[in-house]
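These are the residues of each chain, in order.
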Amino acid sequence: MKSEHEGSVESGSGPELLDGLVSLDKDSQLQRGLKSRHIQFLALGGAIGTGLFVGSGGILALVGPLPLWLGYLSQMFVVWCVMNAIAEMTTYLPMRGITLPYFTNRYVDSSLAFAAGWNYWYAYAILVAAEASAGAILLDYWDTPVHAAVWITIILIVCLALNIIAVEVFGEAEFWFASIKLITILGLIITGIVIMAGGAPNREAIGFGTWNDPGAIKPYVATGSWGNFLAYWTAFVRAGFSFITSPELIGLAAGETVAPRRNIPKAARRFLYRLAIFYGVSSLILGCLVRSDHPRLLSPESNANASPWVIGIQEAGIGGLNHVINAAILTSAWSAGNAFLYSGSRILYSLAATGQAPHIFTRTTRRGVPYAAVLGTWSLGLLAYLNVSENGATVFTWFMNISTISGFIAWIVVLITYLRFRSALKFQSLLDTLPFKTIGQPYLSWFVLVLISLLTLTNGFQVFAIKAADGGFDYKNFLAAYITIPAFLLLYVGHKIVYRTPLAKPLADIDVVTGKKEMDEWCEGDVKPVPKNWLQRVWFWIA
């Protein structure tokens, strides 16, 4: 490690670098391979993954359909607020090479940035393992003679190959992966409505029948109103896995995005209503298609090998479609794993570039891909092989819990960073220079900051209320729920002790100016494309 070089601009034979990481060189700003459609589908690709297609079944089995739906709606609001904060910061300084920990270092404190950077990397790497694990669960649906370890190997190798070639290849692959997901989820929503109305081969109009039998809510831990609330709160926490780090994908890719001040706000504005369709509507329908007591839903006891969507279609008697849907859902695991490997590698590269990780991770290919960071992140994804010795559903749930809390901690840091950034702009009378402003700020950020903190501290409350089957303490789930918190604090406090950094930078010392002039000048060259016909007009609206 080396000491922080706050606000310093390094020059020499290479491009001008701010803080040894962020490029201000005009030529380097032109080397951006991600287009509008890439950036929008990257965010959706990260949000629509196995959390919706597989993890939702575990929530449904645990607490019932109503908490499942309310939990997703609540998390959508949280994600929207976090997305707005990230979009404001990245559109203000959309520099090539930026990461969210870079902003934390610049606006808050280097120790918090150090801990946040490693927490992000850890979360993304665990998510790669989670997606590979989920892929193995989905493939087991076909009861193939192939061992789960073989499927995990194939999934991990494909993700590695797509990330190691070039960012254009990654962006294009993610675009098509995400397109399959979007088509799949839209098809599932339409199919679900048809099944509910009685249009399935069995001619049974199920409507909201599952909300009456076995019931809309399964009280959790306690009984009565308190048990109902705890069921909702548990769903709220677990629904976080579906959205973890998805808003950050836009922030991480901003430095490699064409016309960022046009495309980042565009993606941020459309993120909420797209989530409303894909999560709000689909989670409501899902709770109607499958009974919460169905034996094949994801749980440690059932060793489930199917998505709840596949179960619902199979129960409706629609032959063959269940296999098509399972295959499409499998691509979603690949897509999400692909996106998380990209993000984790960029975080590790930035940590190495600023001296907070071994220098070897700064090595890149001739096409600029940080191959050493990609391999380093990918290696932690090998934890997916835990499926070989444990129940697949149990391993997937461990990964869900670990990555969810890492994600919550990351969101807490993002909101703290944004609030300091906004306060510094206001203190220096620069608030009106923000190129993109969102509603309700800073009040919404304060509210969501408190809310996420409560979710983080209470996420594993059930381990204290429910004894394990043998009457002992459930230490495995306790560690999965809380191990990330002391690990983060150890990184933060350890860095503070070593470098003796202040608690936070004074508002007057926060640099919100360096790089702004260069970005303003560069973004002035952005020419908004004009559609030539109605087909292009529709396409420009979509992507």
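Refer to the preceding data block for the structure.
All values reported here derive from a predicted model rather than from experimental measurement.

## Looking at the pattern of salt bridges
Moving on, step 1. Counted by the stated rule, this structure contains four salt bridges.
Moving on, step 2. In this structure, the salt-bridge partner of Asp293 is Arg291, at a minimum N-O distance of 3.0 Å.
Moving on, step 3. One continuous salt-bridge network, built from bridges that share partners, spans Asp213, Arg291 and Asp293.

## Notes on a nonpolar patch on the surface
Moving on, step 1. Nonpolar side chains collect at one region of the surface, where Val146, Val150 and Ile154 lie side by side and expose about 190 Å² of accessible area between them.
Moving on, step 2. Tracing the sequence through the fold places Val150 in helix 7 (residues 148-164).

## Observations regarding the packing of aromatic side chains
Moving on, step 1. Counted by the stated rule, this structure contains 22 aromatic pairs.
Moving on, step 2. Both rings, one in Tyr72 and one in Phe243, keep their centres 6.1 Å apart while their planes meet at 70°; by these two values the pair is edge-to-face. Placement of the pair is Tyr72 in helix 4 (residues 65-92) and Phe243 in helix 9 (residues 224-243), with a sequence separation of 171 residues.
Moving on, step 3. An angle of 85° between the planes, with centres 6.1 Å apart, marks the rings of Tyr220 and Phe461 as edge-to-face. With Tyr220 in the loop between helix 8 (167-196) and helix 9 and Phe461 in the loop between helix 16 (443-458) and helix 17 (462-465), this pair connects stretches of sequence that are 241 residues apart. Taken as a pair, Tyr220 and Phe461 share a single burial class, namely buried.
Moving on, step 4. Members of the aromatic cluster, each reached through a chain of ring pairs, are Tyr92, Tyr102, Phe103, Tyr107, Tyr418 and Phe421.

## With respect to the packing of helix 11 (residues 260-289) against helix 12 (residues 308-315)
When two helices pack together, their arrangement is given by the angle between the helix axes and by the axis-to-axis distance.
Moving on, step 1. Here helix 11 crosses helix 12 at 50°, and the two axes come no closer than 9 Å. What the angle tells us is that helix 11 and helix 12 run oblique. Classified by chirality, the crossing of helix 12 by helix 11 is left-handed. Residue-level inspection shows Ser282, Ile285, Leu286 and Leu289 of helix 11 in contact with helix 12, the latter providing Pro308, Trp309 and Gly312.
Moving on, step 2. Split into classes, the residues belonging to the contact of helix 11 with helix 12 amount to five nonpolar, two polar and no charged.

## Quick notes on unusual backbone geometry
Moving on, step 1. A cis geometry characterises the amide bond from Asp213 onward to Pro214, with omega recorded as 15°.
Moving on, step 2. With respect to the helices, strands and loops of the structure, Pro214 is situated in the loop between helix 8 and helix 9.
Moving on, step 3. At the junction of Gln441 and Pro442, the peptide bond is cis and its omega measures out at 5° in the coordinates.
Moving on, step 4. Along the chain, Pro442 falls in the loop between helix 15 (392-427) and helix 16.
Moving on, step 5. Even without being glycine, Val221 reaches a positive phi, approximately 70°.
Moving on, step 6. Along the chain, Val221 falls in the loop between helix 8 and helix 9.

Cut-offs applied
- Residues numbered from 1 in each chain as written.
- Predicted model: local features only at pLDDT ≥ 70, side-chain atom pairs only at ≥ 80, totals over all residues.
- Heavy atoms only, no water.
- Salt bridge = Lys/Arg side-chain N within 4 Å of Asp/Glu carboxyl O.
- Patch = residues over 30% accessible without salt bridge, like charges linked within 9 Å, V, L, I, M, F, W, Y side chains within 5 Å.
- Areas by Shrake-Rupley, 256 points an atom, 1.4 Å probe, with all protein chains shown as cover.
- Helix = DSSP H or I, 4+ residues; strand = E, 2+ residues; numbered from the N terminus.
- Phe/Tyr/Trp six-rings, centres within 6.5 Å; stacked < 30°, edge-to-face > 60°.
- Buried < 20%, exposed > 50% of the residue type's maximum accessible area, 1.4 Å probe, protein only.
- Axes fitted to C-alpha atoms, helices over the stretch in contact; angles between N-to-C directions.
- Parallel < 35°, antiparallel > 145°, perpendicular 65-115°, else oblique.
- Left-handed = near helix turned anticlockwise from the far one by under 90°.
- Contact = heavy atoms within 4.5 Å.
- Nonpolar A, V, L, I, M, F, W, Y, C, P; charged D, E, K, R; others polar.

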